[in-house]
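Structure at a glance
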Amino acid sequence: MRRGVSLQLRLEKRAAPSRFMLYATPVAAVLITMVLGALIFTLLGYDGLGAVREIFFTPLTNPYKWQDLAVKASPLVIIAVGLAVSYRANVWNIGAEGQYIVGGIAGTGVALLTYDMTGPWILPLMLLAGIAGGMAYAAIPAFLRTQYKVNEILTTLMLTYVSVQLLNYLVFGPWKSPTSMGQPQTVLFSADQSLPYVIPGTIVQLGTPIAILIAVLVWFVMSRSVFGFSVRVVGASPAAARYGGFSAHRTVWMALLVSGGLAGLAGILEAAGPFGRLVPQFPTNYGFTAIIVAFLGRLNPLGALLAGIVLAITFVGGEVAQTTIALPFAAVGIFQAMMLFLLLAGDVLVRYRVRRVANEPARAPA
Amino acid sequence: MESSIAPRLQLTGITKRFPGVLANDNVSFSVRPGEIHALLGENGAGKSTLVKMIYGIMQPDAGEIRWDGEAVVVSNPKAARKLGIGMVFQHFSLFEAMTVLENIALGMDSKIQSRDLEAKIREVMEQYGLKLEPHRVVSTLSVGERQRIEIVRALLLNPKLLIMDEPTSVLTPQEVEQLFVVLRQLAAEGCSILYISHKLHEIKALCDTATILRGGKLVDTCDPKVETSRSMAEKMIGAGLKDVRKVAGRTFGDEKLVVKGLSHAATSHFGTSLKDISFSVRAGEILGIAGVAGNGQLELLLALDGELGTDPQSVSIDGKPAGALSPTARRGLGLCAVPEERNGHAAIADFSLADNTVLTARDRLGMVSGGLIRAGAARTYTGEVIAAFAVKALGPGATAGSLSGGNLQKYIMGREILQKPSVLVVSQPTWGVDAGAAAAIHQAIVDLAATGTAVVVISQDLDELLALSDTLAVINGGRLSAPMASGSVSIEEIGLLMGGIHGTPEETHLAPGGELAVEA
């Protein structure tokens, strides 16, 4: 037993979750990431303050970088909105990267079949194929989970590696362009197969308005519709959901189809947009980064819109820092991981408050 | 109270504050050696907090605990046991897959040889007439037998004060009587007993003194032998008690709910399978289903409200086969239900009350149009429920988790009753609800039946069932007894049916012709 009055911190459960903390913790996570990041990279011998400045502020202060933000944020937002729906239902799809790849492959398949044709119908058909591809790929874990209770975390993740092999097989093999001179890549998509630019003189393509539209649409569905309600109920309490008449199996299916479909859409938007063809470098980890986006956005589609921009800033800023202060690009991953880690750690403050308590030393019983 | 010997336990000015609530406010009382002292109060009155401080699980913010005349600080349960304080909790902490002996050995503060321990256990059981086989695996034991493990565990320490927290809520009337024999013997040997309960007839039968708490404050210390159950109940709730008004000589209408040969395999390892259950409830009739916890009550409720699918013909609502229908479809036919578990089954803690209303009332009350939820309609109806059932809540936007247990139960009952179902199935409608609120819920159930609703009440509270039911049946091991008219059935009969396959016939008939403590 220690002597004297000791001060200690204690976590105390709040009567109700704090709404202030719910929205304050993502902001705090980003701010603390900057402080810790500056510290870590200074200790590593880099210009720590410069790293934070270049990664977090230069993309915002330099208007020329804004279009890069739009390009990077769009796929992140589209995938994260789908993941937000899935995670709300307590369905842990962490294989959005794989569904993104298969979506890209499916859309590219349509592009290759329609290569000699023209018409405004080709691009919408490619987008639909992308969505269907992502959905079909997410249907495998949905089937395994509902029929055999196989954990979707494992299946979605493992299927991601399968999809990378499938992509490589196609671009090195049957889909390799005859004019690529040995390069593993498909032919360049035609004009009717590529995304139009929406702001003249920039690189902003149709994917950006689609991302905004999807975020708003899904927000509306999740907050107002019976479907959105059922997803939230199943996620919060499977027993209450059954009592309320909502099928857990149906919700697992819907959660995976929605998140898979949106990841597939993001895939074909990337293939038909910035890439313009399918290459082995097509998997860019957007599917994994979108997990951070979904959580930073509080599993709210509109929140994902804001969080997608924050993560896009770190990507664009990371490229800047590479050239201006020779920071390795891997530093971006460290910043992003720190952000998620701090956010999850900070979540405890939503349900608990920290109190300092003075403890009288306990006397030993007589 | 002047006495030549110091009280075994004396509390002075004990105060404990939690965020937003004063759980104990300046509570003082004392327990003499060999006294059976009741701690009486409604849920949330502060009984549990008080005994947790005596047992060292929590520390008081202010006040003094004296033990045999000396001031002590009970810093943890181990220190409490060292002083000679034993406690039997309402919820047992036993490992299902281990034997009685292994469970007791795990709970000992000092290491002791298994053979010596077994000898000691047998000695204690012999002394108090507790029947228990040390090598039985816990999962094969009835609830009453499990409680005996906890009692033996406490008795091994030769306690000078034994705290019993709501010990009879899981026992049959016969098991209650056996428990009282043990407790009286302990008291005669000089062990003090602090007995927590809200069952007044038990306290009248057992206790020498009763301390009554209300809202964290001590409101009275009285002699339960002189008081009536009613006078103590009124002290507990601080107001006059209302009786359930029930019209005598009512007639019933057509059969609304018919269950025929309902069977369902257990859904989990520790679940109960339903075996060939048949009964029917007519319009205006209240059927009570009694039974010890864990005998298939949950499974029966799930099979009735549609969470478990069965043969289509085994459940009919208003003449339509409904055994294979979903909960939503059954609500459409007019069946509403209230499961026993409030949090995470009947309601979702993180959701607002309005959202919890959408959970079950959306289709019956037109809260959905074109796949979208009409939030305004949900809020309006929630407001009506809050007003009609006097639910203490900040409004329809308050989360379910912010309500106290009793208020949440009032809201849930109100949410289903105001939907005017033609069949209502409720499990433990007043579990954990204070006496005033319980009376209001009982009246609402009776009033609903008077409008022609067929009601099934599943409960472990026999008093509640006898007050409410027109017909009574007992569930045991997943089988339902033949329904009996509740006016013609004795407590003893129900008790025997509740005991059913639990315990040997000798145990069940332990006190033939003996007086039963529980009276209607």
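What you see is a predicted model, and the numbers here were worked out from it, not measured in a lab.

Turning our eyes to something else, we now look at the overall build of chain A. The helix and strand inventory of chain A stands at 14 helices and two strands. Taking the principal axes of the C-alpha coordinates as reference, chain A spans close to 95 × 55 × 35 Å. Split into buried and exposed, the 366 residues of chain A put 47% on the buried side. Once local pairs closer than 6 in sequence are excluded, the contacts in chain A between residues at least 24 apart make up 78%.

This next bit is on the overall build of chain B. A count of helical and extended segments in chain B gives 17 helices and 23 strands. For chain B, the C-alpha radius of gyration of 24 Å lies close to 24 Å, the compact-globule estimate for 520 residues. In terms of overall dimensions, chain B has a C-alpha envelope of 75 × 50 × 45 Å along the principal axes. A buried classification covers 48% of the 520 residues belonging to chain B. Sequence-distant contacts in chain B: of pairs separated by 6 or more residues, those separated by 24 or more amount to 69%.

Moving on: the sheet that holds strand β12 (residues 274–282) of chain B. Residues and elements named next belong to chain B. Taking strand neighbours across the sheet as the criterion, the four strands line up as β12-β11-β14-β15 in an open arrangement whose pairing is antiparallel. A strand with exactly one partner marks an edge of an open sheet, and here the two such strands are β12 and β15 (320–321). As judged from the three bridges shared by strand β11 (residues 255–264) and strand β14 (residues 315–317), these two strands associate in the antiparallel manner. Paired with L257 across the strands is I317, a residue of β14. Packed on one face of the sheet, helix α9 (residues 297–305) meets β11, β12 and β14 and runs near 60 degrees to β12.

Residue and element names in this part refer to chain B. Buried residues dominate strand β7 (residues 161–165), accounting for five of its five residues. Residues L161, I163 and D165 of β7 are buried on one face, and the alternating residues L162 and M164, pointing to the opposite face, are buried as well. Note that β7 and strand β8 (residues 192–197) share five bridges and pair parallel. Residue D165 lies in a different strand from β8, and its bridge partner there is I196.

Glancing now at the nonpolar core. In terms of nonpolar packing, the biggest core is built from 243 residues, with I79(A) and A80(A) touching the most fellow members. When residues of this core are assigned to their parent elements, the largest contribution, 15 residues, is made by helix α10 (residues 248–275) of chain A. Three or more residues apiece are contributed to this core by two domains, here domain 1 (9–237) and domain 2 (255–334 + 421–518) of chain B. Among residues more than four places away in sequence, those in contact with I79(A) are A96(A), Y100(A), L262(A), A263(A), A266(A), Y286(A), G287(A) and A290(A).

Another aspect to go through is unusual backbone geometry. Residues and elements named next belong to chain B. Even without being glycine, N26 reaches a positive phi, approximately 55 degrees. Secondary-structure assignment places N26 in strand β2 (residues 21–31). Phi is positive for K420, close to 50 degrees, though the residue is something other than glycine. Tracing the sequence through the fold places K420 in the loop between α13 (405–417) and β19 (423–427).

Contact residues are listed per partner, giving 33 residues for chain B and 22 residues for chain A. For the side of chain B that touches chain A, the secondary-structure elements that each account for two or more residues are β5 (70–72), α2 (77–83), α10 (327–333), α11 (353–361) and β18 (372–373) of chain B. Here the residues of the side of chain B that touches chain A sort into 17 nonpolar, 11 polar and five charged.

Residue and element names in this part refer to chain B. Across chain B, the average pLDDT comes to 86, with 92% of residues at 70 or higher. Low pLDDT (under 50) marks residues 501–520, which in the prediction has 29 contacts with non-local residues, meaning those over four places away or in another chain. Interface predicted TM-score (ipTM) for the complex: 0.82; the corresponding pTM is 0.77.

Turning to α11(B), a few remarks are in order. Quick reminder: α-helices carry 3.6 residues per turn. Residues three or four places apart thus point the same way. Within α11(B), nine of the nine residues are buried, which leaves the element mostly enclosed by the surrounding structure. Turning to α11(B), its buried residues are L353(B), A354(B), D355(B), N356(B), T357(B), V358(B), L359(B), T360(B) and A361(B). Of the surrounding elements, those touching the buried residues of α11(B) are α8 (226–236) and α9 (238–244) of chain A together with β18, α12 (375–388) and α13 of chain B.

Another aspect to go through is helix α3 (residues 66–88) of chain A. Residues and elements named next belong to chain A. Relative to the 33 Å expected for 23 residues at 1.5 Å per residue, α3 spans 31 Å between its end C-alpha atoms, a close match to the ideal helical length. At A73, α3 shows its maximal kink, close to 30 degrees; a proline, P75, follows between one and four residues later. Along α3, 21 of the 23 residues are buried, which leaves the element largely enclosed by surrounding structure. Directly beyond the C-terminal end of α3, a positive phi value near 65 degrees is found at N90.

The next point concerns the packing of α3(A) against helix α7 (residues 207–224) of chain A. All names here are of chain A. Across the interface, α3 lies against α7 with an axial gap of 8 Å and an inter-helix angle of 20 degrees. By the criterion of interaxial angle, the relationship of α3 to α7 is roughly parallel. In terms of crossing hand, the pair formed by α3 and α7 is left-handed. On α7, the residues that touch A70, S74, P75, V77, I78, V81 and V85 of α3 are G207, T208, A211, I214, A215, V218 and M222. Its residues placed into classes, the contact of α3 with α7 shows 11 nonpolar, three polar and no charged.

What holds strands together in a sheet is hydrogen bonding between their backbones, with the strands either parallel or antiparallel. All names here are of chain B. Reading across the sheet, the six strands line up as β6-β7-β8-β3-β9-β10 and stay open at both edges, with mixed pairing between neighbours. Looking at strand neighbours, the two that pair on one side only are β6 (85–88) and β10 (217–222), the edges of this open sheet. For this sheet the average axis-to-axis angle between neighbouring strands, irrespective of direction, equals 20 degrees. In this fold helix α8 (residues 229–237) packs onto β3 (36–40), β9 (209–214) and β10, with an angle of close to 30 degrees to the strand it touches most, β9.

This part covers the packing of helix α1 (residues 19–43) of chain A against helix α2 (residues 48–61) of chain A. Each pair of packed helices can be summarised by the angle the axes make with each other and by the distance between the axes. Residues and elements named next belong to chain A. Contact pair α1 / α2: the axes reach a minimum separation of 7 Å and the direction vectors enclose 135 degrees. Between α1 and α2, the angle falls in the class oblique. The way α1 lies across α2 gives a crossing that is right-handed. Side by side, α1 and α2 meet where M34, G37, A38, L39, F41 and T42 of the first sit next to G48, L49, A51, V52 and F56 of the second. Here the contact of α1 with α2 is composed, by residue class, of eight nonpolar, three polar and no charged.

It is worth spelling out the domain arrangement of chain B at this point. Domain boundaries assigned for chain B yield domain 1 (9–237) and domain 2 (255–334 + 421–518). Computed from C-alpha coordinates alone, the two centres of domain 1 of chain B and domain 2 of chain B are separated by 31 Å.

Here is what the cut-offs are and how they apply
- Residues numbered from 1 in each chain as written.
- Chains lettered and ligands numbered in written order.
- Predicted model: local features only at pLDDT ≥ 70, side-chain atom pairs only at ≥ 80, totals over all residues.
- Helix = DSSP H or I, 4+ residues; strand = E, 2+ residues; numbered from the N terminus.
- Buried ≥ 20, exposed ≤ 12 C-beta atoms within 10 Å, placed from the backbone.
- Contact = placed C-beta atoms within 7 Å.
- Rg over C-alpha atoms; globule rule 2.2 N^0.38 Å.
- Pairing = 2+ DSSP bridges.
- Axes fitted to C-alpha atoms, helices over the stretch in contact; angles between N-to-C directions.
- Core = buried A, V, L, I, M, F, W, Y, C linked by C-beta atoms within 7 Å.
- Domains from an automatic or database assignment.
- Nonpolar A, V, L, I, M, F, W, Y, C, P; charged D, E, K, R; others polar.
- pLDDT = per-residue confidence, 0-100.
- Expected span 1.5 Å × (residues − 1).
- Bend = angle between axes of the 7 residues up to and from the residue.
- Parallel < 35°, antiparallel > 145°, perpendicular 65-115°, else oblique.
- Left-handed = near helix turned anticlockwise from the far one by under 90°.

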